[in-house]
Amino acid sequence: MNYGRKKAAKKRRDITSKSKMKKKRLGVRIFKGVLLTLLLLMVAGCVGGGIFLKKVIDSAPDVTPEDVKPTGYTSVVYASDNKTETQRLTSAGSNRVYKTIDEIPKDLQHAFVAIEDERFYEHNGIDPKGIVRAGMIGLTTGDFSQGASTLTQQLIKNNIFDFMSEDTFFDRLERKIQEQYLALKLEKQMSKSEIMENYLNTINLGQNTLGVQAASQRYFNKDVSQLTLSESAVIAAITQSPSYYNPITHPDHNADRRKQVLKNMLEQGYISQEAHETLAIAMNRIHGKSNSGEGGESLERLTPGADGLNRCSAIKQVASGRFGVTSRYLVSAKEIQIKMAQGAKPG
């Protein structure tokens, strides 16, 4: 009787064991099937991606160094002595005065590199580290607005592509891929100095100004060769968003961005700690934070252009920290004249 029970128990165990084995085999088969499907999808994706990339690259325009040179310049009318300027003629998209790289201060060049493309002098047209960083920021924060475009790519974008007419994500993706491909080709044909020269004469810097010379004249009423380090940082700060970082209409926004420009220049070795600290003190004075902790004098904002006052001169005086006055708004030349009449001293 006991023997019969043992035999029956053994038979039940065998049946259970066979059932478990069948389930295990089924699980293994399902896993293999899923894995094989994923591998096939990956292969198909790679093949499809390769075909897409080839199609995009094949449709990229042919670009030469001559093609990325800026076009559209201000026309100047001179008197009979060929020296006295009588009139400037500027049409839409042509408020630009070309300057060679030797005429553009190193501080201004370095300011743009520091804030826009810190590995400009190292990469070959594209910045893999920048692309990975921007991708990681996008995945972790959901903010995919972080750019990874190099100065070379930006030069191509501004002078070759009609990016303002892009309607879809795929339009932008196609242009980005072509930008990178063309940037690699262009860097084999042009030196870094040539790329920098064309870039600095191309970029939109707000207030209908194109290139650093027009911007220097617009915001500081001086030739670009005469810009100080602080003024160079003001202009470089505009690039990312010419309207938002406009130093006349949005001086606070520009001041914040300018601090970042100078911080980057310090970290990347373009300026010394002493120079950075000196500028930081001057900027604090401009924003009403003197070393003694006393607030600066606040000036009322006037309607832009009121009384026919020179806005460029006014913003230049305040941005330079002169007179120890501060304002988060645009001030007028008349107010500066009042301060001068009251015997205010440079800060």
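Residues numbered from 1 in each chain as written. Predicted model: local features only at pLDDT ≥ 70, side-chain atom pairs only at ≥ 80, totals over all residues. Heavy atoms only, no water.

Participant: Please clarify how the confidence of the model for the protein should be interpreted in this entry.
Facilitator: Atom-level detail of predicted coordinates should not be read off regions where pLDDT is low. Per-residue pLDDT for the protein averages 76, and the proportion of residues at 70 or more is 66%. The least confident element of the protein is strand 2 (residues 85-89), whose mean pLDDT is 43; the most confident is helix 6 (residues 192-200), at 97. Between residues 289-347, whose pLDDT stays under 50, and residues either more than four places distant or in other chains, the model counts 86 contacts. (pLDDT = per-residue confidence, 0-100. Helix = DSSP H or I, 4+ residues; strand = E, 2+ residues; numbered from the N terminus. Contact = heavy atoms within 4.5 Å.)

Participant: Looking at this model, I keep getting lost on unusual backbone geometry. Mind explaining?
Facilitator: Across the chain, the bulk of peptide bonds are trans and the bulk of non-glycine residues have phi less than zero. Even without being a glycine, Q207 presents a positive backbone phi close to 55°. Here Q207 is to be found in the loop between helix 6 and helix 7 (212-220). Overall, Q207 belongs to the partly exposed group, its relative accessible area being 28%. In this structure, N208 takes a positive phi of about 60° despite not being glycine. When you line up the elements, N208 lands in the loop between helix 6 and helix 7. Given the relative accessible area of 47%, N208 is considered partly exposed. (Buried < 20%, exposed > 50% of the residue type's maximum accessible area, 1.4 Å probe, protein only.)

Participant: Can you help me understand the packing of aromatic side chains in this one?
Facilitator: Within a pair of aromatic rings, the relevant descriptors are the distance that separates the centres and the angle that separates the planes. Here the structure, examined in full by the defined rule, presents four aromatic pairs. Each ring, one from F169 and one from F170, has its centre 5.6 Å from the other, and the planes form 70°; the classification is edge-to-face. Considered together, F169 and F170 belong to a single accessibility category, that of exposed residues. Taking 5.0 Å as the distance between ring centres and 90° as the angle between the ring planes, the aromatic pair formed by Y244 and Y245 counts as edge-to-face. The ring of F120 carries K192 above its face, with NZ or CZ at 4.6 Å from the centroid. (Phe/Tyr/Trp six-rings, centres within 6.5 Å; stacked < 30°, edge-to-face > 60°. Lys NZ or Arg CZ within 6 Å of the ring centre and 35° of its normal.)

Participant: Quick question: what am I supposed to make of the packing of helix 2 (residues 106-116) against helix 9 (residues 251-267) here?
Facilitator: For any two helices packed against each other, one specifies the inter-axial angle together with the distance between the axes. Their axes nearest at 8 Å, the elements helix 2 and helix 9 cross at an angle of 100°. Accordingly, the angle class assigned to the pair helix 2 and helix 9 is roughly perpendicular. Each of D107, H110, A111, A114, I115 and E116 in helix 2 lies in contact with helix 9, whose residues at this interface are R257, Q260, V261, N264 and M265. Within the contact of helix 2 with helix 9, the residues separate by chemical class into five nonpolar, three polar and three charged. (Axes fitted to C-alpha atoms, helices over the stretch in contact; angles between N-to-C directions. Parallel < 35°, antiparallel > 145°, perpendicular 65-115°, else oblique. Nonpolar A, V, L, I, M, F, W, Y, C, P; charged D, E, K, R; others polar.)

Participant: Quick question: what am I supposed to make of a nonpolar patch on the surface here?
Facilitator: The grouping of L26, I30, V34, L38 and L41 at the surface amounts to a nonpolar patch, some 480 Å² of accessible area in total. With a relative accessible area of 55%, L41 lands in the exposed category. (Patch = residues over 30% accessible without salt bridge, like charges linked within 9 Å, V, L, I, M, F, W, Y side chains within 5 Å. Areas by Shrake-Rupley, 256 points an atom, 1.4 Å probe, with all protein chains shown as cover. Salt bridge = Lys/Arg side-chain N within 4 Å of Asp/Glu carboxyl O.)

Participant: For this particular structure, what's the right way to read the nonpolar core?
Facilitator: Within soluble globular proteins, side chains that are nonpolar tend to cluster in buried spots. Core analysis: the biggest nonpolar cluster contains 46 residues, and F112, V212 and I235 have the highest contact counts within it. At the level of elements, helix 2, helix 4 (151-160), helix 5 (169-186), helix 6, helix 7, helix 8 (229-238), helix 9 and helix 10 (273-286) are the ones that each hand at least two residues to this core. The biggest single contributor to this core is helix 8, with seven residues. (Core = buried A, V, L, I, M, F, W, Y, C linked by side-chain atoms within 4.5 Å.)

Participant: Even after reading the chapter, I still don't get helix 7, so can you show me in this structure?
Facilitator: Count 3.6 residues to each turn of an α-helix, and residues three or four apart come out pointing the same way. Burial within helix 7 is extensive, with seven of its nine residues counted as buried. Inspection of helix 7 places V212, Q213, A214, A215, S216, Y219 and F220 among the buried residues, and these make up the whole buried set. Once helix 7 finishes, N221 follows within two positions and takes phi at roughly 55°, a positive value.

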